[in-house]
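# Architecture at a glance
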Amino acid sequence: MLEWLGWLGTLAFAASGALMGVQKRFDLVGVLVLAGVTAVGGGSIRDVVVGSLPPQAFRNEAVLWVVFAVSLLVWRFYGRVERLERPIYYLDTLGLGIFAALGAERGFTFGLGFWGCVFAGTVSGVGGGVLRDLLTGQIPGIFYRNRDLYATAAAGGAAVVYAIYHFLPDLAALALVLGSLTTIALRLSSRWLGLRLPTPRVGD
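Residues numbered from 1 in each chain as written. Predicted model: local features only at pLDDT ≥ 70, side-chain atom pairs only at ≥ 80, totals over all residues. Heavy atoms only, no water.

### As for a nonpolar patch on the surface
Here is the rule we go by: Patches in this entry comprise residues that are over 30% relatively accessible and not in a salt bridge; like charges within 9 Å are linked, as are nonpolar side chains (Val, Leu, Ile, Met, Phe, Trp, Tyr) within 5 Å. Areas reported here follow the Shrake-Rupley algorithm with a probe of radius 1.4 Å; residue values treat only the protein chains shown as occluding. What counts as a salt bridge is simple: a side-chain nitrogen of Lys or Arg found within 4 Å of a carboxyl oxygen of Asp or Glu. The way it works is that DSSP assigns letters per residue, a run of H or I at least four long becomes a helix, a run of E at least two long becomes a strand, and they are numbered from the N terminus. Three labels apply to residues, based on accessible area from a 1.4 Å probe with only protein chains included: buried if under 20% of the type maximum, exposed if over 50%, partly exposed otherwise in between.
Taken together, the side chains of F167, L168, L171, L174, V177, L178 and L181 define a hydrophobic patch exposed on the protein surface, amounting to about 620 Å² of accessible area. Considering every element that reaches the nonpolar patch, the biggest residue donor is helix α8 (residues 172-193), with four residues. Position of F167 among the secondary structure elements: in helix α7 (residues 151-167). According to the relative accessible area criterion, F167 is exposed, its value standing at 59%.

Okay, structure coming up:
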């Protein structure tokens, strides 16, 4: 089930990247590149960090073909897809949770400590979005107040995965599920409750 959910997350990330490419009036190649970077960029950075080369996405040809197909569909049916903002948001949240958990698990497998696993999980979840924002000339959303918690939610889920693997190995089978659910709960609750990280009071 996690594998299928991971595919859903990849689809959501690819669609969000392609949508932004169309909104920025990129040509077809630009849309394809932006969708690919958003979908597999975070996982690729994670694999580089843990020393798993070449990155897993480039060893799984099916992922790249799926990203290619999603990009073409968004290009062709842009008007209809744009109206799916809410479903894409929830799929994006699902993908964030899954990839954060999988990234932390991969970091633990490669012998990283707590902070290494949290970083691997966080960058796996948010790295693609950061690259997407940079390529479109925007400040990445994780660096300023947004509508909800994003990188913080991914870090929380990654921390849960590490804690279970390290302190509760008997529950290792549930680690990915609980880590994913933690990220999803943190992001959704932050939007519903209006939670924000503090920022400096410049000029006070």
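### Focus: the environment of L131
Inspection of the secondary structure puts L131 in helix α6 (residues 114-135). You can call L131 partly exposed: its relative accessible area is 30%. In sequence terms L131 and G17 are 114 residues apart; their C-alpha atoms lie 9.9 Å from each other.

### Considerations on unusual backbone geometry
For the peptide bond that leads from L53 to P54, omega is -10°, which places it in the cis range. Looking at the element boundaries, P54 is found in the loop between α2 (28-50) and α3 (61-76). Even without being a glycine, R25 presents a positive backbone phi close to 65°. Inspection of the secondary structure puts R25 in the loop between α1 (2-23) and α2. A relative accessible area of 77% places R25 in the exposed class.

### Describing the pattern of salt bridges
When charged atoms on two side chains of opposite charge get close, those side chains can pair. Enumeration according to the criterion identifies three salt bridges in this entry. As a salt-bridge pair, D47 and R46 come within 3.0 Å of each other at their nearest N and O atoms. The partner of D133 in a salt bridge is R132, with the nearest N and O atoms 3.2 Å apart. The network of salt bridges with shared partners includes R46, D47 and R106.

### A look at the nonpolar core
Going by this rule: Buried Ala, Val, Leu, Ile, Met, Phe, Trp, Tyr and Cys residues form a nonpolar core when they are joined through side-chain atoms within 4.5 Å. A contact between two residues is defined here by any heavy atoms of the two lying within 4.5 Å.
Within the largest apolar cluster, 28 residues are counted, with the highest numbers of intra-cluster contacts made by A39, V67, V74 and V126. Elements with a contribution of two residues or more to this core: α1, α2, α3, α5 (85-109), α7 and α8. With seven residues, the top contributor of residues to this core is α5. Sequence-distant contacts of V67, defined by excluding residues within four places in its chain, comprise T10, A14, A35, G36 and A39. Formed by seven residues, the second largest nonpolar core is a distinct cluster that contains A104, I164, A175 and L176.

### A few points about the environment of L64
Among the structural elements, L64 can be located in helix α3. Beyond its immediate stretch of four places on either side in the chain, L64 contacts A57 and F58.

### Details of the packing of α5 against α6
For clarity, the cut-off: Here an axis means a line fitted to C-alpha atoms, over the contact stretch when the element is a helix, while the angle between two N-to-C directions is reported on a 0 to 180 degree scale. The hand of a helix crossing depends on one turn: near helix anticlockwise from the far one by less than a right angle means left-handed, and clockwise means right-handed. Note that Gly is not counted as nonpolar here; it falls among the polar residues with everything else outside the nonpolar set of Ala, Val, Leu, Ile, Met, Phe, Trp, Tyr, Cys and Pro and the charged set of Asp, Glu, Lys and Arg.
At a closest axis distance of 7 Å, the pairing of α5 and α6 adopts a crossing angle of 145°. Considering only the axes of α5 and α6, their crossing is right-handed. Along the contact surface, α5 presents L96, F99, A100, G103, A104, G107 and F108, while α6 presents C117, A120, G121, S124, G125 and V126. Residue classes in the contact of α5 with α6 are distributed as eight nonpolar, five polar and no charged.

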